[in-house]
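Letter by letter, the chains look like this.
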Amino acid sequence: MLTGIRRSGKSVLLMQLKNELLHRDVKEENIIYINFESFKFSDIDTAKLLYEFIEAKITNKRKYYLLLDEIQEVKNWEKAINSFQVDFNTDI
């Protein structure tokens, strides 16, 4: 988990982590990056909707890497995170 003041580079660090995973031959389809500041994801605002979105993206048994930027925008996000750890092969 990354925390810090606004505009301190947390999102940049997440993108660097994504690039490192790709460099280590993790397939792009096994990296799920969501920035909840983007209007593209504005409809994912509850733990249930987040869970359903991620569940639809998981299509194989390999490990999935979840990079969730500004996750606090999702109500009860902790429930979804706990479920990902129980239900899927994920690293968050």
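None of these values were measured; they are calculated from a predicted model. One numbering rule holds for all chains: residues counted from 1, following each sequence as written. Predicted model: local features are reported for residues with pLDDT of at least 70 only, side-chain atom pairs are reported and counted for 80 or more only, and whole-chain, interface and lining totals are derived from all residues. Excluded from the side-chain calculation are hydrogens and water; included are all heavy atoms of the structure.

Focus: the sheet that holds strand 2 (residues 64-69)
Each pair of strands is called paired provided DSSP finds at least two bridges between the two strands. What counts as a helix is a DSSP run of H or I of at least four residues, what counts as a strand is a run of E of at least two, and both are numbered from the N terminus. Reading across the sheet, the three strands line up as 1-2-3 and stay open at both edges, with parallel pairing between neighbours. Of all strands in the sheet, those bounded by a partner on one side alone are strand 1 (31-35) and strand 3 (90-91). Of the pairings in the sheet, the one linking strand 2 to strand 3 comprises two bridges and is parallel in character. Paired with Tyr-65 across the bridge in strand 3 is Asp-91. Throughout, a contact is declared for two residues whenever any of their heavy atoms are within 4.5 Å. To obtain an axis, a line is fitted to C-alpha atoms, over the contacting stretch when the element is a helix, and the angle between two such axes runs from 0 to 180 degrees between their N-to-C directions. Lying over the sheet, helix 1 (residues 10-23) contacts strand 1 and strand 2, oriented at roughly 165° with respect to strand 2.

Overview of the side chain of Lys-18
Assignment of secondary structure puts Lys-18 in helix 1. Accessible area is worked out with a 1.4 Å probe on protein chains only. A residue is then buried under 20% of its type maximum, exposed over 50%, and partly exposed in between. For Lys-18, a relative accessible area of 15% puts it in the buried group. The residues touching Lys-18, leaving out its near neighbours within four places in the chain, are Glu-28, Ile-31 and Leu-67.

A look at the pattern of salt bridges
Whenever Lys or Arg places a side-chain nitrogen within 4 Å of a carboxyl oxygen from Asp or Glu, that contact is recorded as a salt bridge. Under the definition given, this model contains four salt bridges. Salt-bridge contacts for Glu-20 lead to Arg-24; the nearest nitrogen and oxygen are separated by 2.7 Å. For Glu-20, a relative accessible area of 32% gives the class partly exposed.

A look at the pairing of strand 1
Counting buried residues in strand 1 gives four out of five residues, a clear majority hidden from the surface. In this sheet, strand 2 lies alongside strand 1 in parallel orientation, the contact comprising five bridges. Bridge pairing in strand 2 links Ile-31 to Tyr-65.

As for the nonpolar core
Judged by nonpolar contacts, the single largest core of 19 residues is most densely connected at Ile-32, Ile-34, Phe-36, Leu-50, Ile-54, Leu-68 and Phe-84. Taken together, the elements giving at least two residues each to this core come down to strand 1, helix 2 (47-57), strand 2 and helix 3 (77-87). If one sorts the elements of this core by residue count, helix 2 sits on top with four residues. Leave out the neighbours within four places in its chain, and Leu-68 touches Leu-14, Ile-34, Phe-36 and Ile-81. Core analysis: the second largest hydrophobic core is formed by six residues, Leu-21, Val-26, Ile-31 and Leu-67 among them. In this description, a nonpolar core means a group of buried Ala, Val, Leu, Ile, Met, Phe, Trp, Tyr and Cys residues linked to one another through side-chain atoms lying within 4.5 Å.

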